[in-house]
Amino acid sequence: MNLSEKLKAYLSKNDIERGKIAAPPENLYDTSDHIETLLNAKTVATPFGEHLVVEKNYPLSHIHGSTELRSVLDIPGHLTRIIAKDDAYKDFDFSNALFIDTETTGLAGGTGTLAFLTGIGFFDKNNFKVIQYFIRDYDEEPAALYSLNALLKNFKNIISFNGRCYDVPLLATRYLLNRMENPLEDILHLDLLLSARRFYRERLESVSLSSLETNLLFIKRRGDIPGWEIPSVYFRFLNDRNPLPLKPIFYHNCMDILSMVAITDKIAKSLDDPINSESCQNQDYYCIGRVFEDMGMIEESIRCYNEAVKVPEIKEKSYLQLSLLYKRLGNWHKAEELWIKMVEENLNTKFALLELAKYYEHKVKDYNKALKAAQRALEIERKKDVFTGYAHKEEIAELKKRIERIELKKEKSKTAIAL
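The structure reproduced in this document is the subject of the present report. (Residues numbered from 1 in each chain as written. Predicted model: local features only at pLDDT ≥ 70, side-chain atom pairs only at ≥ 80, totals over all residues. Heavy atoms only, no water.)

Observations regarding the environment of Asn-178
In step 1: By the element assignment, Asn-178 lies in the loop between helix H5 (167–177) and strand S9 (188–191).
In step 2: The class for Asn-178 is partly exposed, based on a relative accessible area of 23%.
In step 3: Between the alpha carbons of Asn-178 and Glu-141 there is a distance of 8.5 Å; along the sequence they are 37 residues apart.
In step 4: Apart from the residues within four sequence positions on either side, Asn-178 is in contact with Glu-141, Pro-142 and Leu-145. (Helix = DSSP H or I, 4+ residues; strand = E, 2+ residues; numbered from the N terminus. Buried < 20%, exposed > 50% of the residue type's maximum accessible area, 1.4 Å probe, protein only. Contact = heavy atoms within 4.5 Å.)

See below:
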């Protein structure tokens, strides 16, 4: 008896006996043909049993947000190494990479958490293909893991969003518990959440995938389901076998994968030309400047910091970081200019005065200027002490010691001149 016949028999029985509709009988929806039709899925047979697969193909010209999917294939290695902030990614090949995202029975992880849906996206000739491995019950997990393993073996790289802390360790645990080979063990992994934190943490309150979709991709999903609801929907399916509520989960998973592709492209464009990129704005200049500096890209870093000092929210940090960069480079003239500006604009004044005092004392040997800067710093520290009611004894003692040393050097220089 198929689903429509079950429904017809059930409704007729209730109409006759009760005159109203009661709860549906157990396993009313538990027919594989109905699930396959509703989810546009097919059953896959493996040596470990069966599982469902849903496949979608998007042309390379498909636009997600404002990003054409094919554009990710043009990201050069020197930009990928900056996205990852790791030289090991200089040969990262997006044409041989998988975008991966899981939907699970719990958000906390652990050995009791199951990945009931694993979505994989990759470039396949003239398409971007999304394959979603779904298990209708716990006993289908080995079959889905087997199929996933067979696919992963053909790729060298993976991209995820928080996969380093969640998806990959979770799948590794599932492979271990099922006594199966883990195909993710030695694969190069680009986690976009780590990159997003580095590049957007100053501008965005949240760097979650949904926040990046809103602020970078300008996407508003329709027909989606909140991530926290997904486990309960799957548990309900295990009980009533109704696949209809699963559809938003498959949509959610697919959109996550497409958004990862688009976010990768947005980050790459920001790094390629930060000053002229629409993806790079305001506080982003400071964050990108920091990454450039850490990667030894000094000229690029200085350009970003010079843009960042124009942004009120990040001005103080940018002045400080740029001045310290010039100091490290031995460009004392530029560093001095910045410290003077910081004092004039009341931006981390004590820090700037201390740096000026050190510079004038040790590099210029101008003890008058050094003394003046140190005395002003002491004055600020004493005011802070009175205002906060907190004893800054160590800071005040250190400044007094510096002032005494400078005064002694000043007297010695006078004596030397007189002689």
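Past the structure itself, the notes keep going.
Structural notes on the pairing of strand S8 (residues 157–160)
In step 1: Of the two faces of S8, the one carrying Asn-157 and Ile-159 and the one carrying Ile-158 and Ser-160 are both buried.
In step 2: Judged from the three bridges that link them, strand S5 (residues 97–104) and S8 form a sheet pairing that is parallel. Note that in S8 the partner of Leu-98 across the bridge is Ile-158.
In step 3: The parallel pair S8 and S9 is bridged by H5, and the resulting crossover is right-handed. (Pairing = 2+ DSSP bridges. Right-handed = clockwise from strand over helix to strand, strands pointing away.)

A few points about the packing of helix H11 (residues 298–308) against helix H12 (residues 315–329)
In step 1: The geometry of H11 relative to H12 is characterised by a closest axis approach of 9 Å and an angle of 150° between their N-to-C directions. Regarding the angle of H11 to H12, the classification is roughly antiparallel. Regarding H11 and H12, the two cross each other, and that crossing is left-handed. Contact residues: H11 offers Ile-298, Ser-301, Ile-302, Tyr-305, Asn-306 and Ala-308, while H12 offers Lys-315, Ser-318, Gln-321, Leu-322, Leu-325, Tyr-326, Arg-328 and Leu-329.
In step 2: Here the contact of H11 with H12 is composed, by residue class, of eight nonpolar, four polar and two charged. (Axes fitted to C-alpha atoms, helices over the stretch in contact; angles between N-to-C directions. Parallel < 35°, antiparallel > 145°, perpendicular 65-115°, else oblique. Left-handed = near helix turned anticlockwise from the far one by under 90°. Nonpolar A, V, L, I, M, F, W, Y, C, P; charged D, E, K, R; others polar.)

Details of the pairing of strand S1 (residues 42–46)
In step 1: Bridging between S1 and strand S2 (residues 49–59) involves five bridges; their strand directions are antiparallel. If you follow Thr-43 over to S2, its bridge partner there is Leu-52.
In step 2: Here S1 folds back onto S2, and the loop between the two strands holds two residues.

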